[in-house]
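Geometric and topological summary
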Amino acid sequence: MELKIKPEEISAILKRHIEQYQVKTEAEEVGEVIEAGDGIARIKGLPSCMASEMLEFPRGIYGMALNLEEDQIGAMILGDITHIEQGDPVKRTGKVLSVPVGDALVGRIVNAVGQPIDGKGPIHTEKLRLIEGTTPNVVERQPVKEPLQTGLKCIDSMIPIGRGQRELIIGDRQTGKTAIAVDTILNQKGGNVICIYVAIGQKQSTVASVVNTLQEYGAMEYTIVVSATASDPASMQYVAPYAGAAMGEEFRDTGRHALIIYDDLWKHAVAYRQVSLLLRRPPGREAFPGDIFNLHSRLLERAAKLNDELGGGSLTALPIVETQAGDYSAYIPTNVISITDGQIYLEGDLFYAGVRPAVSVGLSVSRVGGNAQIKAMKKVAGMLRLDLAQYRELVTFAKFGSELDKATQAQITRGERLVEVLKQPQYNPMPVENQIMIIFVAENGYLDDLPIDRVKDFEAGFYPFVHEKYSQIPKGIREEKQLSDEMSKLLHQAAQDYKKNFVTT
């Protein structure tokens, strides 16, 4: 059998293939590293690069475009700079830096870009969020009126914090700033608040100590730790708080409540100053770049209480700022004070005098005030701040050794007992009903005739006594959130009963 090749058939097949053939061309912008060092790379090429876009370097290293100049790009490297060489190709990714978010991160320790560093394997979540999202506008928010209890008597009574608030914790090093933040996290146990602790520029041993404390008290079950320690590049320290805020926003936007602690923003500003100066941005006051205020305002504005139509979720921020020798009029402290809704000022002198938490009543303020307190606390703590302020003033006069009249002596005696009552050991947050009961007892003069060194003993025995013999008082405060006249009478009676017992023993 003879095969006949028909030229017209072959030409028809070829024509059909030529018609169907499509040339797929993909244009890819590739830049080149001009110089690299100190966590910064200068790149030529990439004319279409966007601000804050992720750039891909060889060996799986990423960078973030910060300076878009006419003939080159200044990028900070999110990784090990030692692997980047002059002449290396750089590709655009077309994406802005995002981090993983969601419930899968709870209980984990991650770095500034959301990668796990706790050795517990990968984080399984498909949700990603831009590290810099849009902040809720005025219409999308509602006033701060729901309390976020810290468990610390001096704060919950005089400088209350509400859900959606931004309250600055400020003071010199080693005055108990992180201790207040950690106690606040511990006090959320059994509640409905997810906590995020962002460590910026801390020693690794310090971060490990905080994590150990959280694990010991069972708080890691509802906490995410974002760590950018002192050994990490300045770029990672710069990104860390924004990554933490993105994780918190996920809970806020799904109708839940979150608390974020930035520890601390002074080190964050220093890291950004380092990056900016290396990128040759013009320095301003204290060598910080001109946009340092914007850096922190766009971070802290993300804390908000959303309106009910958007689910009513909240993100509360507790930024920490370290001062140098008590100078809270320096650039970064004044910036953050003006952005936040109040500050808790910690004094070294009080700390070393044994008043811990070392909260200065005169310099601390909450601009939300009684709106963020339950009615019962508002009622008992109304005069507390005034009494303490008058006591501090009178103590200064008493130092001159002049004769004091009875009223002044009584005021000093009351003030000393109040200071003693407001002292609280670390890692020992207290339920709000116990706080209200002991402040009520102190403000009504039941401790005035006790020796100072017996006040703590009185307090230690008073709580179990009331919970056992007058259980309706703490239960009523917890459920009704107010102190009725009937409840006040009962509390007077409980204090009298216990005091008789206490004095005789």
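1. Observations concerning the environment of Gly284
Within the secondary structure layout, Gly284 lies in the loop between α6 (265-278) and α7 (292-300). Relative accessible area serves as the criterion here: at 42%, Gly284 is assigned to the partly exposed category.

2. A word on the packing of helix α3 (residues 177-186) against helix α4 (residues 204-216)
Packing of α3 against α4 leaves a shortest axis separation of 10 Å and a crossing angle of 25 degrees. Looking at the two axes, α3 sits roughly parallel to α4. Here α3 runs over α4; the crossing is right-handed. Between α3 and α4, the residues in contact are Thr178, Val182, Ile185 and Leu186 and Val210, Thr213 and Leu214, respectively.

3. Re the packing of aromatic side chains
Using the criterion set out here, one finds 14 aromatic pairs in the structure. Considering the side-chain rings of Phe351 and Tyr352, the 5.5 Å spacing of their centres and the 90 degrees angle between planes classify their relative orientation as edge-to-face. Assessed through its relative accessible area of 18%, Phe351 is described here as buried. Tyr352 sits in the exposed class, given a relative accessible area of 60%. In this structure an aromatic cluster arises from ring pairing among Phe458, Phe462, Phe465, Tyr470, Tyr498 and Phe502. Its guanidinium or amino end placed over the ring of Phe288, Arg273 lies 4.3 Å from that ring's centre, counting from NZ or CZ. Between Arg356 and the ring centre of Phe351, over which it is positioned, the NZ or CZ distance is 4.0 Å.

4. Structural notes on the pairing of strand β3 (residues 53-57)
Counting buried positions along β3 yields four of five residues, so the element is predominantly enclosed. Across three bridges, the pairing between β3 and strand β6 (residues 89-96) is antiparallel. Each residue of the ladder has a partner; that of Glu53, found in β6, is Val96. Relative to strand β4 (residues 61-68), β3 runs antiparallel, the two sharing four bridges. What sits directly across from Leu55, in β4, is Gly63. Hairpin geometry of β3 and β4 is characterised by an intervening segment of three residues between the two adjacent antiparallel strands and by a positive phi of about 60 degrees at Arg59.

Thresholds applied
- Per chain, the residues get numbers from 1 upward, laid out in the order the sequence is written.
- Local features in this predicted model are restricted to residues whose pLDDT is 70 or higher, and side-chain atom pairs enter the listing and the counts only when it is 80 or higher, whereas totals over whole chains, interfaces and linings include all residues.
- The side-chain quantities take in all heavy atoms of the structure and omit both hydrogens and water.
- Every helix listed is a DSSP run of H or I at least four residues long, and every strand listed is a run of E at least two residues long, numbered separately from the N terminus.
- Relative accessibility thresholds used throughout: buried, under 20% of the residue-type maximum; exposed, over 50%; partly exposed, between the two (1.4 Å probe, protein chains only).
- Working convention: axes come from line fits to C-alpha atoms, limited for helices to the stretch in contact. Angles between N-to-C directions cover 0 to 180 degrees.
- If an angle is under 35 degrees, it is roughly parallel; if it is over 145, roughly antiparallel; if it lies from 65 to 115, roughly perpendicular; otherwise it is oblique.
- Should the near helix be turned anticlockwise from the far one by less than a right angle, the crossing is termed left-handed; should it be turned clockwise, right-handed.
- Throughout, a contact is declared for two residues whenever any of their heavy atoms are within 4.5 Å.
- In this analysis, rings of Phe, Tyr and Trp, with Trp reduced to its six-membered ring, are considered paired at centre separations within 6.5 Å, and the interplanar angle assigns stacked below 30 degrees, edge-to-face beyond 60, and tilted for intermediate values.
- Consider the ring centre and the ring normal. A charge sits over the ring if Lys NZ or Arg CZ is within 6 Å of that centre and within 35 degrees of that normal.
- One requirement defines pairing of two strands: DSSP has to find at least two bridges between them.

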